[in-house]
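# A look at the structure
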Amino acid sequence: MWQELIQEVRVAQMGVQILFGFLLTVVFTEKYDDLTDTDQMIYLVTVVLGACATGALIGPVSLHRLVSGRRVKPQAVRLASRLTLLGLVLLLATTTASLLLILRVATHDGFVPFLVAGVVGWYLLCWFALPLWTRHRHTSR
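As the structure is a prediction and not an experimental result, all values here were calculated from the model.

## Thoughts on the pattern of salt bridges
Inspection of the entire model under this criterion finds one salt bridge. A salt bridge links R104 to D39; its shortest N-O distance comes to 2.5 Å. Taken as a pair, R104 in helix α4 (residues 73–107) and D39 in helix α3 (residues 37–67) lie far apart in primary sequence, 65 residues in all.

Here's what the structure looks like:
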């Protein structure tokens, strides 16, 4: 299970690191000063969420390195799995906040919250509902 978990984490890590990297550059653009106070607050929350998601998704790698050879693999796999799930939830929050900020700046239209809610619903379906449904339906009792 450890190898499968690490492969899953690699995919999520790549996404969160790219997103976080782009987020870090926004504050250095001229457009940042033109953002409203609300949009700047959304940006700050988004960056903090991205930092937390990055930490949670890199955590399993550090955990593996620090406990390797100590005969605690079952415990390490459980903890790494929890960190990965937490990282996915934080990645969902980061992506949601990023989308909200981008659409607020790009459109100023009243449909933005509905569009963001639709995308969040899609993420919840793909990332959680379908896997949980599959687990429930196809797991032997």
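## Brief notes about the nonpolar core
Judged by nonpolar contacts, A12, V16, L49, A53, A56, L57, L90, L91 and A97 together constitute the single largest core of nine residues. Put simply, the parts of the chain that give this core at least two residues each are α1 (2–26), α3 and α4. Non-local contacts of A56, meaning those with residues more than four positions away in its chain, are made with L83, L86, G87 and L90.

## A closer look at the packing of α4 against helix α5 (residues 112–138)
Two elements in contact, α4 and α5, have axes whose closest approach is 10 Å; the angle formed by their N-to-C orientations is 155 degrees. Judged on the interaxial angle alone, α5 and α4 are roughly antiparallel. The two elements α4 and α5 meet at a crossing, and its hand is right-handed. The residues of α5 that touch α4, namely those facing L85, L88, V89, L91, L92, T95, T96, L99, L100, L103, R104 and T107, are V112, L115, V116, V119, V120, Y123, L124, W127 and F128.

What counts, and where the lines are drawn
The numbers attached to residues start from 1 for each chain and follow its sequence in the written order. In view of the model being predicted, local features appear only for residues whose pLDDT reaches at least 70, and side-chain atom pairs are presented and counted only at 80 or more, with totals across whole chains, interfaces and linings using the full set of residues. To obtain the side-chain values, all non-hydrogen atoms of the structure were used and water was disregarded. Whenever Lys or Arg places a side-chain nitrogen within 4 Å of a carboxyl oxygen from Asp or Glu, that contact is recorded as a salt bridge. We count a stretch as a helix when DSSP gives it H or I for four or more residues in a row; a strand needs E for two or more, and each element gets its number in order from the N terminus. We define the nonpolar core as a collection of buried residues of types Ala, Val, Leu, Ile, Met, Phe, Trp, Tyr and Cys that are connected through side-chain atoms lying within 4.5 Å of one another. Using a 1.4 Å probe on the protein chains alone, a residue whose accessible area is under 20% of its type maximum counts as buried, one over 50% counts as exposed, and one in between counts as partly exposed. Residues count as neighbours in contact if any of their non-hydrogen atoms are within 4.5 Å of one another. Under this scheme, a helix contributes an axis fitted over its contacting stretch, all axes are lines through C-alpha atoms, and angles between N-to-C directions fall in the 0 to 180 degree range. Here the angle decides the label: under 35 degrees means roughly parallel, over 145 means roughly antiparallel, 65 to 115 means roughly perpendicular, and every other value means oblique. For any pair of crossing helices, the crossing counts as left-handed if the nearer helix is rotated counterclockwise from the farther one by less than a right angle, and right-handed if it is rotated clockwise.

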